[in-house]
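Descriptive analysis of the structure
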Amino acid sequence: AILLLQRHVRSGRPQTLFLAGLVLGLVFLVRQNLLALLPFLFFFLLAAGGGVAAAGRRTGVLLLGVALAVLPVTARNCLVGGDCVLVAASGGSNLFMAFNERSRGDSFAQPAFARSGPARLTEDSIAAAARITGRPVTASEASRFWSREALAYVFDHPARSLGLLAQRFWVSLG
């Protein structure tokens, strides 16, 4: 996808940008946390030149490609799962893993609610959210619950949260 974005910058061809979006959409299906990169792609396309309006048009073409890959999964989630989730409902629990009292910043620290390891983390996060709220929750409700918990931790512990973020960034550089 990155190579296709670079090729688009050189050629200016919208087809290349659409294809980059399609590849990114497929990547998002297996690595949902990378969806957080989407807003930054606008700035990448803005830096490529042509001004804000051109970057907006190019971002639209890119998002059409992403949508072609992602929307069938979203439709399936709505129809089969009964919960309209864009790709997966693990964003909240992933955010909570990054920002909680057990977070380390340099490696995976299994949250207290995860009884059975990473493979069943989504199921465990749903069960824990239901237990804490005292009512059954959908996958998307559980994700929102864990997002609120993570953000509460960030606001309650800003210095440690910033340290975790800096450490995670440093580790990502290799």
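Quick caveat: nothing in here was measured; it's all calculated off a predicted structure. (Residues numbered from 1 in each chain as written. Predicted model: local features only at pLDDT ≥ 70, side-chain atom pairs only at ≥ 80, totals over all residues. Heavy atoms only, no water.)

**Some remarks on the state of the cysteines**
Overall, the coordinates contain one disulfide when judged by the stated rule. The disulfide bridge from Cys78 ends at Cys84, spanning 2.1 Å between sulfur atoms. On the accessibility criterion, Cys78 (24% relative accessible area) is partly exposed. (Disulfide = S-S within 2.5 Å. Buried < 20%, exposed > 50% of the residue type's maximum accessible area, 1.4 Å probe, protein only.)

**Some remarks on the packing of helix α1 (residues 2-11) against helix α2 (residues 14-30)**
The geometry of a pair of packed helices is captured by two quantities: the angle between their axes and the separation between those axes. One can describe the packing of α1 onto α2 by two numbers: an axis separation of 8 Å at closest approach and a directional angle of 165°. Relative to α2, α1 is oriented roughly antiparallel. Between α1 and α2 lies a crossing of left-handed hand. Residue-level contacts link Leu4, Leu5, Arg7, His8 and Ser11 of α1 to Pro14, Thr16, Leu17, Leu19, Ala20 and Val23 of α2. Residues of the contact of α1 with α2, tallied by class, amount to seven nonpolar, three polar and one charged. (Axes fitted to C-alpha atoms, helices over the stretch in contact; angles between N-to-C directions. Helix = DSSP H or I, 4+ residues; strand = E, 2+ residues; numbered from the N terminus. Parallel < 35°, antiparallel > 145°, perpendicular 65-115°, else oblique. Left-handed = near helix turned anticlockwise from the far one by under 90°. Contact = heavy atoms within 4.5 Å. Nonpolar A, V, L, I, M, F, W, Y, C, P; charged D, E, K, R; others polar.)

**Things to note about the packing of aromatic side chains**
Counted according to the given criterion, the structure contains three aromatic pairs. Relative to Phe43, the ring of Phe42 has its centre 5.4 Å away and its plane inclined at 75°; by these criteria the two rings are edge-to-face. Plain terms: the ring middles of Phe145 and Trp146 are 4.8 Å apart, the flat faces sit at 85° to each other, and that makes the pair edge-to-face. Chaining the aromatic ring pairs together yields one cluster made of Phe96, Phe145 and Trp146. (Phe/Tyr/Trp six-rings, centres within 6.5 Å; stacked < 30°, edge-to-face > 60°.)

**Focus: the nonpolar core**
For soluble globular proteins, the rule of thumb is that nonpolar side chains tend to be buried together. Grouped together as the largest cluster of nonpolar side chains are 16 residues, with contacts concentrated most on Phe96, Phe99, Phe113, Leu121, Ala129 and Trp146. Secondary-structure elements contributing two or more residues to this core are α5 (91-98), α6 (121-133) and α7 (139-156). Per-element accounting of this core gives the leading share, five residues, to α7. In terms of nonpolar packing, the next biggest core, distinct from the first, is built from 13 residues, Leu4, Leu45, Ala55 and Val87 among them. (Core = buried A, V, L, I, M, F, W, Y, C linked by side-chain atoms within 4.5 Å.)

**Looking at the pattern of salt bridges**
This model, assessed by the stated rule, comprises two salt bridges. Arg120 is paired through a salt bridge with Glu123; the nearest N and O atoms lie 2.5 Å apart. Look at Glu123 and you get partly exposed, because its relative accessible area is 44%. As a salt-bridge pair, Glu141 and Arg135 come within 3.7 Å of each other at their nearest N and O atoms. On the accessibility criterion, Glu141 (24% relative accessible area) is partly exposed. (Salt bridge = Lys/Arg side-chain N within 4 Å of Asp/Glu carboxyl O.)

**A word on α1**
Residues that lie three or four places apart on an α-helix share one face, since the helix turns once every 3.6 residues. Those residues of α1 that sit buried are Leu4, Leu5 and His8. Projected down its long axis, α1 carries its buried residues within an arc of 105°, all on one side. Exposed residues on α1 whose side chains face more than 90 degrees from its buried face are Ile2, Leu3 and Arg10. Where α1 is buried, its residues contact α2, α3 (38-47) and α4 (51-81). Looking at the residues trailing α1, positive phi occurs at Gly12, about 75°. (Arc of directions from axis to C-beta.)

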